[in-house]
Amino acid sequence: MGIMSEDTTKAGPDPTLLSAALATFETLWSPRIVTRVNDYDVRVAKVRGEHVWHVHDDTDEFFLVLDGTLDIALREDGGERTVTLDRGAVFVVPRSTWHKPFSADGASLLLFEPSGTSTVGDRHDDVPGHVDATTGHALGG
Ligand code: NI
């Protein structure tokens, strides 16, 4: 018969309810890291008003709108356009694409991007005081 190698004293991670995670903070444009997948962060953020034009030189950036509506202005080869993401919409800003998220009425977002990715990218316009330049905060931090 085999020997049981199961370690019953060490529990794994618990599930995270996104609504509960979002209820732990109010700061706008200041993402919280809810979990990690390999070397990627899953972050949630509350937003309202304008972010800042910026670009991530080496990574795509994934957006899922959990609540509200998010607009993202994009500077592409053909010029500038804005995509509108309603609740439930997903969108990926390709690497090396200048973008500026904004939300007139406010939104809650889930973001998926490599750990260490700055919210204001590798290059950006002047960062306004209401925008948190961060690589994400721990939940409850
Ligand atoms: Ni970005």
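Here the structure is a predicted model, which means the values were calculated and not measured.

K.L.:
How should the environment of Arg95 be read in this particular structure?
P.N.:
Secondary-structure assignment places Arg95 in the loop between strand 7 (90-93) and strand 8 (98-114). Note: C-alpha distance between Arg95 and Val55 (40 residues apart in sequence) is 7.4 Å. In contact with Arg95, other than residues within four places in its own chain, are His56, Asp57, Asp58, Thr59 and Asp60.

K.L.:
Just to check I follow, could you spell out the nonpolar core for this structure?
P.N.:
If you look at soluble globular proteins, the nonpolar side chains tend to sit buried side by side. Of all hydrophobic cores here, the largest spans 15 residues; its most connected members are Val47, Phe63, Leu70, Ile72, Leu85, Phe91 and Leu109. Among the secondary structure elements, those contributing two or more residues to this core are strand 2 (40-50), strand 4 (61-68), strand 5 (70-76), strand 6 (79-85), strand 7 and strand 8. Core analysis: the second largest hydrophobic core is formed by seven residues, Ala21, Phe25, Val42 and Leu110 among them.

K.L.:
So what exactly am I meant to see when it comes to the packing of aromatic side chains here?
P.N.:
The geometry of an aromatic ring pair comes down to the distance between the two centres and the angle between the two planes. Evaluated as defined, the whole model comprises two aromatic pairs. Seen from their ring centres, Phe62 and Phe112 are 6.4 Å apart, and the 85° between their planes marks the pair as edge-to-face. Of the two residues, Phe62 sits in strand 4 while Phe112 sits in strand 8, which places them 50 residues apart along the sequence. Judged by relative accessible area, which is 29%, Phe112 ranks as partly exposed. The rings of Tyr40, Phe62 and Phe112 are connected pair by pair, giving a single aromatic cluster. One cation-aromatic arrangement involves Lys46 over Phe25; the distance from NZ or CZ to the ring centre is 5.4 Å. The side chain of Lys100 reaches across the aromatic face of Phe102, ending 5.9 Å from its centre.

The rules behind these values
Residue indices follow the written sequence of each chain, beginning from 1 at its first position. A pLDDT threshold of at least 70 governs which residues receive local features in this predicted model, and a stricter bar of 80 or more applies before side-chain atom pairs are shown or counted, although totals over entire chains, interfaces and linings include all residues. Hydrogens and waters are ignored; side-chain quantities use all the structure's heavy atoms. Strands are runs of DSSP state E lasting at least 2 residues, helices are runs of H or I lasting at least 4, and numbering of each runs from the N terminus. What makes two residues a contact is simply this: any of their non-hydrogen atoms within 4.5 Å. To qualify as a nonpolar core, a set must consist of buried Ala, Val, Leu, Ile, Met, Phe, Trp, Tyr and Cys residues joined through side-chain atoms within 4.5 Å. Each residue gets one of three labels from its accessible area relative to the maximum for its type: buried under 20%, exposed over 50%, partly exposed in between, using a 1.4 Å probe on protein chains only. Planes of paired rings set the category: under 30 degrees apart is stacked, over 60 is edge-to-face and the rest tilted, where pairs are Phe, Tyr or Trp rings (Trp by its six-membered ring) whose centres lie within 6.5 Å. Geometrically, a lysine NZ or arginine CZ counts as sitting over a ring once it is within 6 Å of the ring centre and also within 35 degrees of the ring normal.

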